[in-house]
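# Descriptive analysis of the structure
In case you want the letters, here they are:
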Amino acid sequence: MQIFHNPVHDKHAGRQEMFRGKLVPCHETPARLEYVLDALRERGIGNLLAPSSPDLDLIKRVHTPRYVDFLASAWQDWVALDPANADTDILPSVWPVRGFRHDIEPTNFAARVGLFSFDSGCPLTAGTWEAAAAGAACAIDAARAVTAAGGPRAAMALTRPPGHHAGADFFGGYCFLNNAAIAAQALRDAGAERVAILDVDYHHGNGTQSIFYERGDVLTVSIHGDPTTEYPFFLGYADERGEGAGRGANLNLPLAAGTEFATWTQALQQGLSAIQAFNADAVVIALGVDTYEGDPISKFKLKSVDYLEVGRKLANLGLPTVFTMEGGYAVADVGINVANVLEGHGR
Ligand code: OKS
Ligand code: ZN
């Protein structure tokens, strides 16, 4: 297993997120990734590698060029409004909901932040672009590794901020660049004709779904907390099956809060069967471990030992595999749980 880890992930360190009308400390912290690195080193899992520089042309075929350009310059634009802004992260405060125009881009900074985002829990910081771009590079390198002649069967983009909530032109849910989608596109470009993305994070991968919703070459499957009660609320229902060329190429498997491994693993089996039926040439696993019983913001009941079994089942697909790192906030146990998936998958 080759593990491309983001050496500048900690440049993204949000100070506060909006929660119930108050600014509270961010759940998505640099420590999360350090625990994973420590667990992998301690258990001798994988070869840790640094990424090359990000392929912006590829990133701009998954995200819109104007969104990528917005992310790259947002912090400079923010500080240009007032130098004192450097002490405060960017949080959106106004959004173009139903009935507003989406075909214009106001010059006002707050308006542009709202145009390119969907929630107020996702601070954009001084180092967000640098960290997110290096994370996308990890995803691209992992995809190129598993498709190279003589390459490993599996590789991981070990990075944060995570990616699966980010759409073609919006950030939210702690996500800015959709690493799983970028890995899938890199696999396509490297010759895989059909790619599946299996999202096992507790939260629906709305960004990934929306990026590929009208494409038939990338199957998106997500197992997640029922959006009737769980974030991101407005997407992730079972009746969303894809449209146009993508009809049938999206599968949502929502499960009730409180779900334990015995039930969760049946949904996993259903997802794996769909990937086999799709005849995927390669697979991306959007790996969140916020399905863990100890997770502070999620409500499934997986135990640490269960992640070994998850890894074994994923390996049984027998496909070139790229893992991306998504959620998981029981920080001290995130390392154990990710390491268990990778160990179960086989080194
Ligand atoms: C409300 C909670 C926001 C949840 C964000 C979910 C992040 C995540 N402020 N996605 O996979 O883990
Ligand atoms: Zn999550």
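Quick caveat, the model's predicted, so the values are computed rather than measured.

### Some remarks on the coordination of the zinc ion (ligand 2)
Each donor-metal-donor angle in an ideal tetrahedron of four donors is 109.5 degrees, and each such angle in an ideal octahedron of six donors is either 90 or 180 degrees. Of the protein atoms, only Asp201 (OD), Asp201 (OD), His203 (ND1) and Asp290 (OD) coordinate the zinc ion (ligand 2), at distances of 2.0 to 2.8 Å. Going along the chain, you hit the donors of the zinc ion (ligand 2) in the pattern D-x1-H-x86-D. Of this pair, His203 sits in the loop between strand 6 (195-199) and helix 7 (206-212) while Asp290 sits in the loop between strand 9 (282-287) and helix 9 (306-315), and the two are 87 residues apart along the sequence. We classify Asp290 as buried; its relative accessible area is 0%.

### Focus: the state of the cysteines
Tallying each qualifying case throughout the model produces zero disulfides. Free of any disulfide, Cys122 has its nearest neighbouring cysteine sulfur in Cys175, separated by 6.8 Å. Given the relative accessible area of 0%, Cys175 is considered buried.

### Here we look at the site of ligand 1
The local shell around ligand 1 consists of Glu17, His164, His165, Gly173, Tyr174, Asp201, His203, Tyr231, Asp290, Gly327 and Tyr329. Here an oxygen atom of ligand 1 and a side-chain polar atom of Asp201 are 2.7 Å apart. In the model, an oxygen atom of ligand 1 is placed 3.0 Å from a nitrogen or oxygen of the Asp290 side chain. Protein chains shield 85% of the accessible area of ligand 1, which is 370 Å² for the free molecule. According to the grid-proximity analysis, the pocket containing ligand 1 is the largest pocket. Of the residues assigned to the shell around ligand 1, the class counts are three nonpolar, five polar and three charged.

### Section: the packing of helix 5 (residues 128-147) against helix 6 (residues 179-189)
Orientation of helix 5 relative to helix 6, taken along the N-to-C sense of each, is 35 degrees, at an axis distance of 8 Å. Viewed along their axes, helix 5 and helix 6 form a crossing whose handedness is right-handed. Residues Ala132, Gly135, Ala136, Ala139, Ile140, Ala143, Val146 and Thr147 of helix 5 form the contact with helix 6, whose own contacting residues are Asn179, Ile182, Ala183, Ala186 and Leu187. Of the residues assigned to the contact of helix 5 with helix 6, the class counts are ten nonpolar, three polar and no charged.

### What about helix 5?
Between its terminal C-alpha atoms helix 5 stretches 29 Å, which fits the 28 Å expected from 20 residues at 1.5 Å a residue. Counting buried residues along helix 5, 16 of its 20 residues qualify, which places the element largely inside the surrounding structure.

### Observations regarding the sheet that holds strand 4 (residues 47-49)
Ordered in space as 4-1-5-10-9-6-7-8, the eight strands form an open sheet in which the pairing is parallel. At either margin of the open sheet sits one strand with a lone partner, and together these are strand 4 and strand 8 (250-255). Sheet twist, expressed as the average angle between the axes of neighbouring strands with direction ignored, equals 15 degrees. Here four bridges tie strand 5 (residues 154-158) to strand 10 (residues 321-325), and the two strands are oriented parallel to one another. Opposite Met156, over in strand 10, you have Phe323 as the bridge partner. Strands in contact with helix 6 are strand 6, strand 7 (218-225), strand 9 and strand 10; relative to strand 9, the strand with the most contacts, it is inclined by about 170 degrees. Relative to strand 10, helix 10 (residues 331-345) is tilted by about 175 degrees, and along the sheet it contacts strand 1 (2-5), strand 5, strand 9 and strand 10.

Conventions adopted
Residues numbered from 1 in each chain as written. Chains lettered and ligands numbered in written order. Predicted model: local features only at pLDDT ≥ 70, side-chain atom pairs only at ≥ 80, totals over all residues. Heavy atoms only, no water. Donors = N, O, S within 2.8 Å, 3.2 Å for Na, K, Ca; no water. Helix = DSSP H or I, 4+ residues; strand = E, 2+ residues; numbered from the N terminus. Buried < 20%, exposed > 50% of the residue type's maximum accessible area, 1.4 Å probe, protein only. Disulfide = S-S within 2.5 Å. Near = heavy atom within 4 Å. Polar contact = N/O pair within 3.5 Å; in protein donor to acceptor, adjacent residues only side chain to side chain. Areas by Shrake-Rupley, 256 points an atom, 1.4 Å probe, with all protein chains shown as cover. 1 Å grid on protein atoms, 1.4 Å probe; cavity = no way out; pocket = protein on both sides within 12 Å on 5 of 7 lines; lining within 4 Å. Sits in = over half its atoms within 2 Å of the grid points. Nonpolar A, V, L, I, M, F, W, Y, C, P; charged D, E, K, R; others polar. Axes fitted to C-alpha atoms, helices over the stretch in contact; angles between N-to-C directions. Left-handed = near helix turned anticlockwise from the far one by under 90°. Contact = heavy atoms within 4.5 Å. Expected span 1.5 Å × (residues − 1). Pairing = 2+ DSSP bridges.

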